[in-house]
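A look at the structure
This is what each chain is made of:
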Amino acid sequence: MDMFPHRLKSLRKNSELTQEGLGKLIDVSKVSISGYENGNRSPDTETLKKLADTFNVSIDFLLGRTDNPDGVVNIHFDGGKGLHVEDEDEEAYLREQLAQYRKMKERMRKRLEEDRK
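Reference entry: report on the structure contained in this document. (Residues numbered from 1 in each chain as written. Predicted model: local features only at pLDDT ≥ 70, side-chain atom pairs only at ≥ 80, totals over all residues. Heavy atoms only, no water.)

Some points on the overall build of the protein chain
A tally of regular secondary structure across the protein chain gives six helices and two strands. In the protein chain, the order of α-helices and β-strands from amino to carboxyl end is α-α-α-α-α-β-β-α. Residues counted as buried form 28% of the 117 residues belonging to the protein chain. A separation threshold of at least 6 residues defines the contact pool for the protein chain, and within that pool the share at least 24 residues apart is 36%. Counting only carbon and sulfur atoms, one obtains 46% of the accessible surface of the protein chain, whose full area is about 8,500 Å². (Helix = DSSP H or I, 4+ residues; strand = E, 2+ residues; numbered from the N terminus. Buried < 20%, exposed > 50% of the residue type's maximum accessible area, 1.4 Å probe, protein only. Contact = heavy atoms within 4.5 Å. Areas by Shrake-Rupley, 256 points an atom, 1.4 Å probe, with all protein chains shown as cover.)

Structure representation (structure tokens):
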């Protein structure tokens, strides 16, 4: 499910802004805002930045990648609980470390198989 239209509309209404008012704040038309909220249109990167700044939330929150407006990203491991990370750099680091761990684990599995032969 695309969370962006729902999140945008909710943030706009909670801020007591009309579509026209929000459009003026971020320099797009009311028609664009309506399209974003209906899911018929997607904002460009610059507009996403303006929306995030206007509502003081992260782009990840707007896009539904996290439920935390501050942008904490959840990484869910197979069957495990979510691990909360502070930012994209931490997320990238953890993903890299997990990939290295999996490679090491596979090498160890192969060595054990060879030793059993």
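A few points about the pattern of salt bridges
Inspection of every chain in the model, using the stated rule, returns five salt bridges. Among the ionic pairs, Glu-20 bridges to Lys-24, the shortest N-O distance being 3.8 Å. On the criterion of helical spacing, the pair formed by Glu-20 and Lys-24 is a turn pair, its members being four residues apart in helix 2 (residues 19–26). The exposure class of Glu-20 is partly exposed, given its relative accessible area of 45%. Each of the salt bridges in this network shares a partner with another, and the network as a whole consists of Glu-106, Arg-109 and Glu-113. (Salt bridge = Lys/Arg side-chain N within 4 Å of Asp/Glu carboxyl O.)

Comments concerning the nonpolar core
Buried together is how nonpolar side chains tend to be arranged in soluble globular proteins. Grouped together as the largest cluster of nonpolar side chains are 14 residues, with contacts concentrated most on Phe-4, Leu-8, Leu-22, Leu-51, Phe-55 and Leu-62. Per-element accounting of this core gives the leading share, four residues, to helix 4 (residues 45–55). Look past the residues within four positions of Leu-62 in its chain and what remains in contact with it is Met-3, Phe-4, Arg-7, Leu-11, Leu-48, Leu-51, Ala-52 and Val-57. (Core = buried A, V, L, I, M, F, W, Y, C linked by side-chain atoms within 4.5 Å.)

Some details on the packing of helix 1 (residues 4–14) against helix 3 (residues 30–38)
It is the contact of helix 1 with helix 3, at a shortest axis distance of 6 Å, that shows an interaxial angle of 125°. On the basis of the axis angle, helix 1 is oblique to helix 3. Counted together, Phe-4, Pro-5, Leu-8, Lys-9 and Arg-12 of helix 1 and Ile-33, Tyr-36 and Glu-37 of helix 3 form the full contact between these two elements. (Axes fitted to C-alpha atoms, helices over the stretch in contact; angles between N-to-C directions. Parallel < 35°, antiparallel > 145°, perpendicular 65-115°, else oblique.)

So, the packing of aromatic side chains
Using the criterion set out here, one finds one aromatic pair in the structure. Arg-7 extends its terminal NZ or CZ atom over the ring of Phe-61, reaching a point 4.1 Å from the ring centre. (Phe/Tyr/Trp six-rings, centres within 6.5 Å; stacked < 30°, edge-to-face > 60°. Lys NZ or Arg CZ within 6 Å of the ring centre and 35° of its normal.)

A short note on the packing of helix 2 against helix 3
As a packed pair, helix 2 and helix 3 sit with axes 8 Å apart at the nearest point and diverge in direction by 110°. Classified by the angle between their axes, helix 2 and helix 3 sit roughly perpendicular to one another. When helix 2 is examined against helix 3, the residues Gln-19, Glu-20, Leu-22, Gly-23 and Ile-26 are found in contact with a partner set consisting of Lys-30, Ile-33, Ser-34 and Glu-37. Classifying every residue of the contact of helix 2 with helix 3 gives three nonpolar, three polar and three charged. (Nonpolar A, V, L, I, M, F, W, Y, C, P; charged D, E, K, R; others polar.)

Observations regarding unusual backbone geometry
Most peptide bonds take the trans form, and the phi angle of most residues other than glycine is negative. Even without being glycine, Asp-27 reaches a positive phi, approximately 65°. With respect to the secondary-structure elements, Asp-27 resides in the loop between helix 2 and helix 3. A residue is classified by how much of its surface remains accessible, and Asp-27, at 65% relative accessible area, is exposed. The residue Asn-56 is not glycine, and still its phi comes out positive at about 55°. Structurally, the position occupied by Asn-56 is in the loop between helix 4 and helix 5 (59–63).

That's the geometry; what it means functionally is another story.
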